[in-house]
Amino acid sequence: MNDKPSSAPKTSGKSGPHLRGPKRLPSRRMAFAEEELRLISALVVLLGLGLFLALPFVLSIGSVVFLPLVTAILLTILLSPLADRLSSFGLPNVLASLLALLFFVGVVLLALALVLQPAVALFDEVPEMTRRVGERFGQLRDQFAWLASANREIARLMGQSGGREVVLASPSVLEQLAFATPSAVLEMLLTFLMTFFMIESRVRLRRHLLFDRASYGSSVKAARVMREVQDRVAAYILTVGWINAGVGIIVAAGAWLMGIDAPVMWGGLAAILNFVPYIGPMAMTVLLALFGIGTAETMVLGLVPAAAYLGLHTVESNVVTPSILGARFTMNPVLILIALSYFSWIWGVFGALLSVPILLTLTAFFDHVGKPNLVGFIFGEPLFKANPLAMGLDEESGGQAG
């Protein structure tokens, strides 16, 4: 009877540290896993930053290979639904792929014909328009002559003197075109050939992505990524194409009502430049302003076409396009400008045209794979929202507690 009370405190004393031990172990493992995951995430961020900075030089040097490849991938995404529709009518896969590609080539040639043919007709009037634009700006410069004299006086007081200006001889426009034509033709042939073979092999590619995966879940995820990227990019380009065609028709009609020469050319140019966000409409406004100043009687009348187009673009970009595209295609303007400057730096005008489709493709891809939380990572949050190590440790600690 006396042994029982004395044995109870001993067992309770031994059980205390024994129960606290397993509770400390998962917390330490959790902290170690979080530190290890953050170290790996930091290495991933540094590697991604280095790749982002080094990629332009690689893509620019190898533009003969990479530009046709990227263009072919985007054209494949765009034309694959059309090839699927033609195949559903009973056409062979090779013929459906070829017809889809020929349809795109025909649309591009038609758009270029609408712009280039009237432009060649107006080429003879360029010297006269240039002379009149110079006269207009000469008159404007005379009105602000006091500003130039004040600038010269300030430079004299600061002891600055005009130095000699060395002008290096540069190739003429015809020489530049002669040098660029073989490379452009080669890149165009490579683009169309790769596009045709990619469209033709789309069925085999889908089967490879769907049925060659290790698990059913990865196959479903690959199917969703393929469908989302294709639907989003194709729907965006087609919708923006119809909107830009409407803008071109309105500009052509307005130019015809104002009596401007070659209204079809201006409409086609407005439709093509509207594919380049921000920069394209600005270039169109400048072209209309210079053409109007060079052909109108006064500078105020010459600025009317540019002002009318600027008003049309304001309504289109702020009312029409957002209401048609909706929230599904809404992208951050900062990201658009970064992509525009990034790919324009790499590939010039073609990079500017491809910047938004590339950004849209990457956005659709990361929506399924997962976006890196760069801002939160700076403040100590995980790089990705899903933390597999933490999830595994939570399950393990839950199993031990059970």
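Look a little higher up for the structure.
Definitions and cut-offs
Residues numbered from 1 in each chain as written. Predicted model: local features only at pLDDT ≥ 70, side-chain atom pairs only at ≥ 80, totals over all residues. Heavy atoms only, no water. Axes fitted to C-alpha atoms, helices over the stretch in contact; angles between N-to-C directions. Helix = DSSP H or I, 4+ residues; strand = E, 2+ residues; numbered from the N terminus. Parallel < 35°, antiparallel > 145°, perpendicular 65-115°, else oblique. Contact = heavy atoms within 4.5 Å. Nonpolar A, V, L, I, M, F, W, Y, C, P; charged D, E, K, R; others polar. Buried < 20%, exposed > 50% of the residue type's maximum accessible area, 1.4 Å probe, protein only. Phe/Tyr/Trp six-rings, centres within 6.5 Å; stacked < 30°, edge-to-face > 60°. Patch = residues over 30% accessible without salt bridge, like charges linked within 9 Å, V, L, I, M, F, W, Y side chains within 5 Å. Areas by Shrake-Rupley, 256 points an atom, 1.4 Å probe, with all protein chains shown as cover. Salt bridge = Lys/Arg side-chain N within 4 Å of Asp/Glu carboxyl O. Core = buried A, V, L, I, M, F, W, Y, C linked by side-chain atoms within 4.5 Å.

1. Here we look at the packing of helix α9 (residues 263-273) against helix α10 (residues 279-295)
Taken N-terminus to C-terminus, the directions of α9 and α10 make an angle of 155°; their axes are 8 Å apart at the nearest point. Classified by the interaxial angle, the pair formed by α9 and α10 is roughly antiparallel. For the pair α9 and α10, contact is made by W266, L269, A270 and L273 and by G280, P281, A283, M284, L287, L288 and F291, respectively. Residue composition of the contact of α9 with α10, by class: 10 nonpolar, one polar and no charged.

2. Topic: α9
Along α9, nine of the 11 residues are buried, which leaves the element largely enclosed by surrounding structure. Considered for burial, the residues of α9 that qualify are P263, M265, W266, G267, G268, L269, A270, A271 and L273.

3. Describing the packing of aromatic side chains
Summed over the entire model, instances satisfying the criterion amount to five aromatic pairs. Ring centres 5.3 Å apart and planes at 90° place the aromatic pair Y342 and F343 in the edge-to-face group. You'll find Y342 and F343 in the same group, each marked buried. These aromatic residues form a ring-pair network of at least three members: Y342, F343 and W347.

4. Details of unusual backbone geometry
Although it is not a glycine, A262 adopts a positive phi angle of roughly 55°. By relative accessible area, which is 19% here, A262 ends up buried. Notably, Y278 is not glycine yet its phi reads approximately 65°, a positive angle. Its location among the elements puts Y278 in the loop between α9 and α10.

5. Overview of a nonpolar patch on the surface
Residues L51, L55, V58, V64, V65, F66, L186 and L190 make up a contiguous nonpolar surface patch of roughly 620 Å² in combined accessible area. By the secondary structure assignment, L51 is in helix α1 (residues 3-61). Since its relative accessible area comes to 53%, L51 is described here as exposed.

6. Looking at the pattern of salt bridges
In this structure the tally under the stated criterion is one salt bridge. Ionic pairing is found between R202 and D84, a salt bridge with its closest N-O pair at 2.6 Å. Placement of R202 in helix α7 (residues 202-211) and of D84 in helix α2 (residues 63-88) is noted, with a sequence separation of 118 residues between them. R202 sits in the buried class, given a relative accessible area of 4%.

7. Quick look at the nonpolar core
Membership of the largest hydrophobic core comes to 32 residues, with the highest contact counts inside it found for Y236, F343 and W347. The set of elements that each furnish at least two residues to this core consists of α2, α3 (93-121), α6 (173-200), α8 (216-257), α13 (333-347) and α14 (349-369). No other element matches α8, which puts seven residues into this core. V251, A262, W266 and Y309 belong to the second-largest nonpolar core, a separate cluster that totals 17 residues.

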